[in-house]
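# Observations on the model geometry
Here's the letter readout for the chains.
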Amino acid sequence: MVIDGRLQPYDLLGQHVTVMITIHENQRAATMFSRLLSMQPPKYSANALTRTDPAPWTRPPNHEPCTLDDVQLPVDPRYQHLRSPREDQRAWFWLTDWQSDAHHPRTDDEGFEYAATFLSPSHEWRPTPPSNTPGVRRRRYVRVMKRVVEIDGMDAGSIAATQVTIRAGAGG
């Protein structure tokens, strides 16, 4: 975005009213040697992750360690100085709970997608484990948040309640 002739970083939260948050659950398969001995399909686990792998839970695209519980709603700037702002002091609210994204075309029935490594480009992730390497898998969890909208000093909840009251009274 260009403001006053200068390129500014893109402000996701400032530009949108609704934002989808994505977290990956990461797992690695047991080694190829143990798979050959057992003749069973690979077993995936976060415990099998190596030092060079991302953490068991990460936030794309940079694989920042982040669990579902780590994700917090942004606070209204007027209340950022507070240590634990109340729900009504938040600038956003959750529209959904965390959900596994099992509807993506590259995922299996459990929502996992598979690749040779975590560094594999997006087009190399598949709904089935790779056959020539132990491989890795990730499951995408998504949750949607929405900005609290204020109009003339009323918050969105007050406006919705007023509209419902008007409709209920109009039919009476």
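What counts as what
Residues numbered from 1 in each chain as written. Predicted model: local features only at pLDDT ≥ 70, side-chain atom pairs only at ≥ 80, totals over all residues. Heavy atoms only, no water. Salt bridge = Lys/Arg side-chain N within 4 Å of Asp/Glu carboxyl O. Helix = DSSP H or I, 4+ residues; strand = E, 2+ residues; numbered from the N terminus. Buried < 20%, exposed > 50% of the residue type's maximum accessible area, 1.4 Å probe, protein only. Pairing = 2+ DSSP bridges.

### Observations concerning the pattern of salt bridges
Within the structure shown, the criterion is met by seven salt bridges. A salt bridge links D53 to R28; the shortest N-O distance between them is 2.7 Å. Highlighted residues: D53 in the loop between β4 (44–45) and β5 (57–59) and R28 in strand β3 (residues 18–29), separated in sequence by 25 residues. Here D53 and R28 have matching classes, each one buried. A salt bridge links D97 to R143; the nearest nitrogen and oxygen atoms lie 3.8 Å apart.

### A short note on the pairing of β3
Most of β3 sits out of view: ten of its twelve residues are buried. Across eleven bridges, the pairing between β3 and strand β10 (residues 136–147) is antiparallel. Looking at β10, one finds that Q27 is bridged to R137. The sheet contact formed by β3 and β5 spans two bridges and is antiparallel. The residue bridging E25 from the neighbouring strand is W57, located in β5. Note: β3 against β4, two bridges, orientation antiparallel.

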